[in-house]
Amino acid sequence: GKELSRMLIDTLGVPQYFYYDDISDEYFLVTKQALQEDVNNGIEQLSCHLVAGNGDEKWTTKYTLKGNLVNVVLTNSNYFIFVNASDFSNGADFKFDGKNETSAFGIYINHDGSIKGYHKFDSDGGLVLSSAMKVNSNILSLVGRSNPQNKNEPVFLLVSPDGEIVFKNKEEIRNSFNP
């Protein structure tokens, strides 16, 4: 319980996920905050930050979404951020408007902050994840519900660290990739 260090990290948001890598002396932080212009429609900003041990920010990536963070899974020194969203955008070249139907997204961020790509996992009626975790170095487990408004059926997915579906319990589950 002894405090080893203290620093003020100006994140401009509420922390959602925090990870400290003691080998590289870096902090990975995910924050979420309401955007003033979109406060009434539920759209928020999700920011991913890599901060050096001395407090200097190495990089930040920002997204807008109407949804929630599920989890961050570390894969081979990269970050796989899983969210549920009915609206999602990186502010530049990727935008999803689900027209109030929620899909699950995996945002694959390389250690240098560059985006490797976006995986969208969905089915008719939507797909909502409740859990995303690493099983081993080759498999990630995604658990959730498909068509949550009507059928609310359980979904189990096993995916590779690159986001490709290895196993799915429902044939109608789709995965699309945008590099």
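Residues numbered from 1 in each chain as written. Predicted model: local features only at pLDDT ≥ 70, side-chain atom pairs only at ≥ 80, totals over all residues. Heavy atoms only, no water.

## Quick look at the overall build of the protein
Looking only at helices and strands, one finds zero helices and 13 strands in the protein. Order of helices (α) and strands (β) in the protein, N terminus to C terminus: β-β-β-β-β-β-β-β-β-β-β-β-β. Relative to a compact globule of 179 residues, whose C-alpha radius of gyration would be 16 Å, the protein shows 17 Å and is just as compact. Counting only C-alpha atoms and orienting by the principal axes, one finds that the protein spans roughly 50 × 40 × 35 Å. Expressed as a percentage of its 179 residues, the buried residues of the protein come to 44%. (Helix = DSSP H or I, 4+ residues; strand = E, 2+ residues; numbered from the N terminus. Rg over C-alpha atoms; globule rule 2.2 N^0.38 Å. Buried < 20%, exposed > 50% of the residue type's maximum accessible area, 1.4 Å probe, protein only.)

## Re unusual backbone geometry
Non-glycine residue Asp25 carries a positive phi angle of around 55 degrees. Relative to the helices and strands, Asp25 resides in the loop between β1 (14-21) and β2 (26-34). On the basis of relative accessibility, which here comes to 35%, the residue Asp25 falls in the partly exposed class. One non-glycine residue with positive phi stands out, namely Asn152, at about 55 degrees. Position of Asn152 among the secondary structure elements: in the loop between β10 (139-146) and β11 (153-159). Residue Asn152 is classed as partly exposed on the basis of its relative accessible area of 33%.

## Overview of the sheet that holds strand β9 (residues 127-136)
In space, the four strands of this open sheet follow the order β9-β10-β11-β12, with antiparallel pairing throughout. One side of each edge strand has no neighbouring strand; the edge strands of this open sheet are β9 and β12 (165-168). The mean angle between the axes of side-by-side strands here comes to 20 degrees, regardless of whether they run parallel or antiparallel. (Pairing = 2+ DSSP bridges. Axes fitted to C-alpha atoms, helices over the stretch in contact; angles between N-to-C directions.)

## Here we look at the nonpolar core
Counting 22 residues, the largest nonpolar core has Phe28, Val30, Cys48, Ile81, Val83, Phe88 and Ile109 as its most contacted members. Looking at this core, the elements with two or more residues in it are β2, β3 (44-52), β4 (57-75), β5 (78-89) and β7 (103-109). Not counting chain neighbours up to four residues away, the residues in contact with Phe88 comprise Tyr63, Thr64, Leu65, Val83, Phe94, Lys95, Phe96, Phe105, Ile107 and Tyr118. Phe82, Ala104, Leu129 and Val159 belong to the second-largest nonpolar core, a separate cluster that totals 16 residues. (Core = buried A, V, L, I, M, F, W, Y, C linked by side-chain atoms within 4.5 Å. Contact = heavy atoms within 4.5 Å.)

## So, the pairing of β2
Taken across its nine residues, β2 has seven buried, putting it largely inside the fold. Judged from the seven bridges that link them, β1 and β2 form a sheet pairing that is antiparallel. Directly across from Tyr19, in β2, lies its bridge partner Phe28. Hairpin connection between β1 and β2: a loop of four residues separates the two successive antiparallel strands, and Asp25 in this loop has a positive phi of roughly 55 degrees. Note: β2 against β3, nine bridges, orientation antiparallel. From the neighbouring strand, Glu26 faces β3, where its bridge partner is Ala52.

## Here we look at a nonpolar patch on the surface
Taken together, the side chains of Phe156, Val166 and Phe167 define a hydrophobic patch exposed on the protein surface, amounting to about 290 Å² of accessible area. Classification of Val166 as exposed rests on a relative accessible area of 53%. (Patch = residues over 30% accessible without salt bridge, like charges linked within 9 Å, V, L, I, M, F, W, Y side chains within 5 Å. Areas by Shrake-Rupley, 256 points an atom, 1.4 Å probe, with all protein chains shown as cover. Salt bridge = Lys/Arg side-chain N within 4 Å of Asp/Glu carboxyl O.)

## Some remarks on the environment of Asp25
In this structure the C-alpha to C-alpha distance between Asp25 and Lys66, which are 41 residues apart in sequence, comes to 32 Å. Beyond its immediate chain neighbours, meaning those up to four positions away, Asp25 contacts Tyr20, Val51, Ala52 and Gly53. A distance of 2.7 Å separates polar atoms of two side chains, one belonging to Asp25 and the other to Tyr20. (Polar contact = N/O pair within 3.5 Å; in protein donor to acceptor, adjacent residues only side chain to side chain.)

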